[in-house]
Amino acid sequence: GADIKYDYQLAGVVAVVAFATENDFVQNMFYNTSPFFNEINYVEDGLKDVIKESQAFVKNAKSCEKGNFPVVLSPLAAGIFAHESFGHKSESDFMLSDESMREEWKIGQNVGAPILSIAECGELPGCGYVPYDDEGTKARKNYLIKNGVLAGRLHNAQTAAALDEELTGNARAVDCTFEPIVRMTNTYIEAGDLTFEEMLAPIQKGYFIKTISHGSGMSTFTIAPRLAYEIKDGKLGRPVQISVITGNVFETLGQIDGLTRDVHMLSFVTGGCGKMEQAGLPVGFGGPYVRVSSMNVQ
C-alpha cells in the first residue's frame, strides 16, 4: 500500500583518449566524473592530471614479470573486485534453482580473511543512491561478509520469501519496462588500520593496480589493469604493463592481509552494471587500499 517517490539527477563529463607509442603499445585513457553537478567545475584540472599520468605511463611502462606476487588494489580496483567477484555472487536470485550454489553460499561459513568486511547500502550518495528500492523496501546497510564470515545476501521480495530471509532493499529495474530483479546499489569493503605507506612497506616485489579497464568473474575473477606500477622494496616504482590479474574468488578473499584506514566511495556518471537483459543500471562501489598477499599476474 505504499506510495513512494524520490527524484534524482545525474550530471557529469566523460572523456576518452587513445595514446600510442613507437613500439605499438596503445593505452586508452578514460576520464569519467562523478555524477555530482558541482564537481563539473573541476573537470579541466582533473582531466589534465589524468592525461599527464597516462602519457608518462605510455612512454615509460615496461612489461611486468609474470607469476604470483603481492598486489595492492586501489579503492577503484578493490571496489570493482568486490562488485564483480563477490557482489554478484550475493544476488540471491542465482540460488533459487541452484542447490549447489546455496550450499556453497551458506551463511555463517568462513569465506575470507578475519580483517575483511564487505557491505552493501543504498543510502550512500552517488549513482547507487536508492533510498527505496523498486518494490518500496527502504534501504539499509547489509553485511555480505563480516570479519571474514559470510553474513548475508541480497534480496527482492521473491527471493526473500523463497529463502525465508529478510528484505534488503535490492529490487531494482533499469526502467519501467522491466520487472525488478535482485541488483546491487553501493558495494564496498570496510576500512582497516594501515596507512598507504605502511601497506607498501613489507613488499619486496609486487604490483600496485591503480585503475582498471574492466573486470569480471564469479568463482574465478579476471581484472584487466589500465594503470599499474611496480612495488619494490616497499616503494612505488616504474609503470608496468599488466594484461590481467586473476584467481579464485574465495582464495583471494582469504589472502587479503592489509586494509588502509581511509575508504573512498566511487561513483561515475556513466557507471552502469549489467545483468541478464538489464544493462546500464547505476551503481557505486569502493573501499580502502587493499593488499593481497599473492595474486596471479600476467
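Look a little higher up for the structure.
An account of the accompanying structure is given in this report. (Residues numbered from 1 in each chain as written. Predicted model: local features only at pLDDT ≥ 70, side-chain atom pairs only at ≥ 80, totals over all residues. Heavy atoms only, no water.)

1. Thoughts on the state of the cysteines
Overall, the coordinates contain zero disulfides when judged by the stated rule. We note that cysteine 121 lacks a disulfide partner, and the nearest cysteine sulfur, in cysteine 127, lies 15 Å from it. A relative accessible area of 4% places cysteine 121 in the buried class. There is no disulfide at cysteine 127, and the cysteine sulfur nearest it, in cysteine 273, is 12 Å away. (Disulfide = S-S within 2.5 Å. Buried < 20%, exposed > 50% of the residue type's maximum accessible area, 1.4 Å probe, protein only.)

2. What to know about unusual backbone geometry
Notably, aspartate 164 is not glycine yet its phi reads approximately 55 degrees, a positive angle. Position of aspartate 164 relative to the elements: it lies in the loop between helix H4 (157–163) and strand E8 (171–172). With phi around 50 degrees, aspartate 233 is a residue other than glycine that occupies positive phi space. Structurally, the position occupied by aspartate 233 is in the loop between strand E12 (220–232) and strand E13 (235–241). (Helix = DSSP H or I, 4+ residues; strand = E, 2+ residues; numbered from the N terminus.)

3. Some words on helix H1 (residues 43–60)
Under the 1.5 Å per step criterion, the end-to-end length of H1 is 26 Å for 18 residues, consistent within 8% with the ideal 26 Å. When H1 is considered as a whole, its buried residues turn out to be Val43, Gly46, Ser54, Phe57 and Val58. The buried residues of H1 occupy an angular sector of 95 degrees when the element is viewed end-on, so they sit on one face. Turned more than 90 degrees away from the buried face of H1 sit Glu44, Lys48, Asp49, Lys52 and Lys59, all of them exposed. Turning to H1, the residues buried within the fold contact strand E1 (14–20), strand E2 (26–32), E12 and E13. (Expected span 1.5 Å × (residues − 1). Arc of directions from axis to C-beta. Contact = heavy atoms within 4.5 Å.)

4. Comments concerning the packing of aromatic side chains
This structure, assessed with the given rule, holds ten aromatic pairs. Ring centres of phenylalanine 196 and tyrosine 289 lie 4.7 Å apart, and the angle between their planes is 50 degrees; on these two criteria the pair is classed as tilted. Here tyrosine 289 lies in the loop between strand E19 (284–287) and strand E20 (290–297) and phenylalanine 196 lies in helix H5 (residues 196–200), a separation of 93 residues in the sequence. Its relative accessible area of 23% is what places tyrosine 289 among the partly exposed residues. The rings of Phe86, Trp105 and Phe250 are connected pair by pair, giving a single aromatic cluster. Sitting above the plane of the phenylalanine 69 ring, lysine 205 keeps its charged end 6.0 Å from the centroid. Residue placement shows lysine 275 over the ring face of phenylalanine 94; its charged tip is 4.6 Å from the ring centre. (Phe/Tyr/Trp six-rings, centres within 6.5 Å; stacked < 30°, edge-to-face > 60°. Lys NZ or Arg CZ within 6 Å of the ring centre and 35° of its normal.)

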